[in-house]
Amino acid sequence: MEEQATVTAADIARIAGVGRAAVSNWRRRYGDFPPPVGGTASSPFFSLDAVEKWLRERGKPVEISLGDRIWQRLRNLGDDLALGDRVGRVGSYLSRRHAWSFSPRYDDAELLELLDRFADERGAREAYEFLCERYVEAHSRQLSVTAGPVAELMSRLVGPTPGVVLDPACGLGTLLLASGGTRLLGQVDDPATSCIAAHRLLLAGADMEMYGADALSMDSYEGVLADTVVCDPPFNEREWGYDELVGDPRWVYGQPPRGEPELAWVQHCLAHVKPGGLVAIRMPPAAAGRRTGRRIRGNLLRAGALRAVVTVGGADLWLLRRPEPGEQPPSRVLLLADPSTVEEQWRDHLRGAEVPGAVRIIDLLDEEIDLSPVRYQDRDEHAGEAFLEVRRYFEGIRPELPSLAVSDEKPSFVTIGELVKSGVLTVPESVEEGDVVASPSVPAYVHSGETIAVEPTMSKYRTDPERLDAAFLAGCLRAAGQLAPASSTRIDLRRTRIPRLPIETQRAHGEAFTRLAAFEAALREAAESGLELVRLGLAGLTEGQLRPGN
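Computed from a prediction, not measured in an experiment: that's the story for all the values here.

1. Concerning the side chain of Arg-462
Next up, step 1: Tracing the backbone through its elements, the reader meets Arg-462 in strand E19 (residues 459-463).
Next up, step 2: A distance of 3.4 Å separates the side chain of Arg-462 from the backbone oxygen of Ser-430, its partner in a polar contact.
Next up, step 3: Side-chain polar atoms of Arg-462 contact the side chain of Asp-435, separated by 2.7 Å.
Next up, step 4: With near-sequence residues (within four places) excluded, Arg-462 lies in contact with Ala-41, Ser-42, Val-424, Leu-425, Thr-426, Pro-428, Ser-430, Glu-432 and Asp-435.

Put into structure tokens, the structure is as follows:
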């Protein structure tokens, strides 16, 4: 019997052009909404044909593209754990256009026919990119993909590169595709991911080479020197092979500390670029100032290898140049918290010109060797204008308290555990829109985004909206004060007491809780903006960009 194509609630929302909340409402309000045909209680799968029929019968606009039909059929061929393998096999088929030699479960003649149609209509490369985008959406919590604008910026900063470009942690190949290199070398620790990346490059017509192994512990390009290297490595990986790699010849600038694998990636990249070649690597902001890494940072500066640190999109870009033998190290390093003019400043800085944001290296070689660009942004020549802009923003913040009155009513209480037993609350396997989430570092809130995987430290609940208001529950959990931000362990909330109130009263309480949370957020925002005002005021007065006045 042929298996039917299935869709998730997120897929239904996309097909119908609505939000996830609308799909949840349909399931509650309409008894004839198609029942789940698979999945779990928290992440059900629905028949695509049944959903499409149901939507059309109610006059709701629905347009299921050929690409989406292929995607749903592909997902239905097996569980999501092996989805990457299947996407890789599609890439193999599209890049070669021959029949699959897989087991009958995957030898789907209709799928191959649909793929051929899709590739004929849009081109094999565009068809595969569409499926890869769907794959990233389905595994957004497991995959780390460099944002397109960041990838393009990194490539421009080290390019144009007509030669060999290496990415030793290439993921799905995004940076390599953006690089413009004539020969592309990639490596990533997951075989399925490397397969997808390889076929993305092949379908783009690239001369490429790809390996599926961890580059730090199993360097597939040992002895190879590329013209440029780009890299967006995994952050904060504790198990990166520290013990096995002590004394590795790549550690020219010092043994990377156990807790700083990013400094291992920096040196790996430098070891694989030609003398005079450039490296662009994305780094966590903490890497610029952690005390454990100051020796390596100092050595990179003294040697003239680290040329710039630029804050872009919540992370830092480290721009490096492998020193040529006998080359005189530069006297300054570029530290920029604002990337808007980085390209011009970077080019001038490489030529040896004096540019705004360039800091004397000798001034940085202290006990900290902190290269965080934000520490030096007060040297920005626009501090005066920035002060006025932040002041206008600060003056526009208006924290508003909800209207609350004294009450003499003493409600009875019920515990979280009792609510779960009665079915008013359930504990989902994944977190969807409308669920209540809390963790040791984040106060309870009502989740309003896409489905996310459950972290071990999360407490998560799904309410029956006719009996328990989600915002009310989140506010009660915040008030309980049992999730201490400093705690590193998961806290059992089953003993938390929740007032027994009618649903309409709960909703009123929930609205008040939500407004209190907004009030708290506004206070924090005002405090942060106020501190920024002080910093900019000091900088502007010191640098002569501001003066006392009315």
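Let us keep going from here.
2. So, the packing of aromatic side chains
Aromatic rings in a pair are described by how distant their centres are and how their planes are angled relative to each other.
Next up, step 1: All told, the structure shown has nine aromatic pairs when counted by the stated rule.
Next up, step 2: With centroids separated by 5.3 Å and ring planes inclined at 80 degrees, the aromatic side chains of Tyr-211 and Tyr-221 adopt a geometry described as edge-to-face. Remark: Tyr-221 occurs in the loop between strand E6 (208-212) and strand E7 (226-231) and Tyr-211 occurs in strand E6; sequence separation between them is ten residues.
Next up, step 3: Assessed through its relative accessible area of 32%, Tyr-211 is described here as partly exposed.
Next up, step 4: Overall, the relative accessible area of 3% leaves Tyr-221 in the buried class.
Next up, step 5: The interplanar angle of 40 degrees and the centroid separation of 6.4 Å between the aromatic rings of Phe-472 and Phe-513 together place this pair among those described as tilted. On the criterion of sequence distance, the pair formed by Phe-472 in helix H17 (residues 470-480) and Phe-513 in helix H18 (residues 503-543) is long-range, its members being 41 residues apart.
Next up, step 6: Given a relative accessible area of 1%, Phe-472 falls into the buried group.
Next up, step 7: An aromatic cluster of three or more residues is present, and its members are Trp-26, Tyr-30, Phe-33, Phe-46 and Trp-54.
Next up, step 8: In this arrangement the basic side chain of Arg-58 is found over the ring face of Tyr-30, its NZ or CZ atom lying 5.9 Å from the centre.
Next up, step 9: The side chain of Arg-497 reaches across the aromatic face of Phe-413, ending 4.0 Å from its centre.

3. Focus: the sheet that holds strand E12 (residues 358-360)
Next up, step 1: Spatial strand order, E6-E5-E4-E7-E8-E10-E9-E11-E12: nine strands in an open sheet with mixed pairing. The two strands at the open ends of the sheet, each matched to only one other strand, are E6 and E12. Shown here is a sheet whose adjacent strand axes are inclined to one another by a mean of 15 degrees, direction ignored.
Next up, step 2: When strand E11 (residues 332-336) meets E12, the two strands line up antiparallel, connected through three bridges.

4. Section: the pairing of E7
Next up, step 1: In terms of residue burial, E7 counts as a mostly covered element, since five of its six residues are buried.
Next up, step 2: Relative to E7, strand E4 (residues 164-167) runs parallel, the two sharing two bridges. Along E7, the bridge assignment pairs Val-165 with Thr-228.

5. Structural notes on the pattern of salt bridges
Next up, step 1: The full count for this structure, using the stated rule, is 30 salt bridges.
Next up, step 2: The closest approach of N and O atoms between Arg-200 and Glu-129, which form a salt bridge, is 2.8 Å. Of this pair, Arg-200 sits in helix H10 (residues 191-203) while Glu-129 sits in helix H7 (residues 124-138); the two residues are 71 residues apart in sequence, bridging distant segments of the chain. Pair check on accessibility: Arg-200 and Glu-129 agree, each one buried.
Next up, step 3: The shortest N-O distance in the salt bridge between Lys-274 and Asp-227 comes to 3.1 Å. In this pair, Lys-274 sits in strand E8 (residues 273-283) while Asp-227 sits in strand E7, placing the two residues 47 residues apart along the sequence.
Next up, step 4: On the accessibility criterion, Lys-274 (36% relative accessible area) is partly exposed.
Next up, step 5: Owing to a relative accessible area of 26%, Asp-227 belongs among the partly exposed residues under this scheme.

6. So, helix H5 (residues 83-96)
Next up, step 1: Between the first and last C-alpha of H5 there are 20 Å, a value that for 14 residues agrees with the 20 Å anticipated at 1.5 Å per step.
Next up, step 2: In terms of burial, H5 is largely enclosed, as ten of its 14 residues are buried.
Next up, step 3: Buried positions along H5 lie against helix H4 (66-75), helix H6 (109-122), H7 and H10.

7. Quick notes on the nonpolar core
One recurring pattern in soluble globular proteins: nonpolar side chains tend to sit buried together.
Next up, step 1: Grouped together as the largest cluster of nonpolar side chains are 41 residues, with contacts concentrated most on Ile-281, Leu-300, Trp-318, Leu-320 and Leu-371.
Next up, step 2: Put simply, the parts of the chain that give this core at least two residues each are E7, helix H11 (261-271), E8, helix H12 (294-303), strand E9 (306-312), strand E10 (315-321), E11 and helix H14 (361-364).
Next up, step 3: Broken down by element, the residue count for this core peaks at six residues, all from H11.
Next up, step 4: Formed by 31 residues, the second largest nonpolar core is a distinct cluster that contains Ala-151, Leu-176, Ala-198 and Val-342.

What counts and what doesn't
- Residues numbered from 1 in each chain as written.
- Predicted model: local features only at pLDDT ≥ 70, side-chain atom pairs only at ≥ 80, totals over all residues.
- Heavy atoms only, no water.
- Helix = DSSP H or I, 4+ residues; strand = E, 2+ residues; numbered from the N terminus.
- Polar contact = N/O pair within 3.5 Å; in protein donor to acceptor, adjacent residues only side chain to side chain.
- Contact = heavy atoms within 4.5 Å.
- Phe/Tyr/Trp six-rings, centres within 6.5 Å; stacked < 30°, edge-to-face > 60°.
- Buried < 20%, exposed > 50% of the residue type's maximum accessible area, 1.4 Å probe, protein only.
- Lys NZ or Arg CZ within 6 Å of the ring centre and 35° of its normal.
- Pairing = 2+ DSSP bridges.
- Axes fitted to C-alpha atoms, helices over the stretch in contact; angles between N-to-C directions.
- Salt bridge = Lys/Arg side-chain N within 4 Å of Asp/Glu carboxyl O.
- Expected span 1.5 Å × (residues − 1).
- Core = buried A, V, L, I, M, F, W, Y, C linked by side-chain atoms within 4.5 Å.

Distances and angles like these do not, on their own, reveal function.
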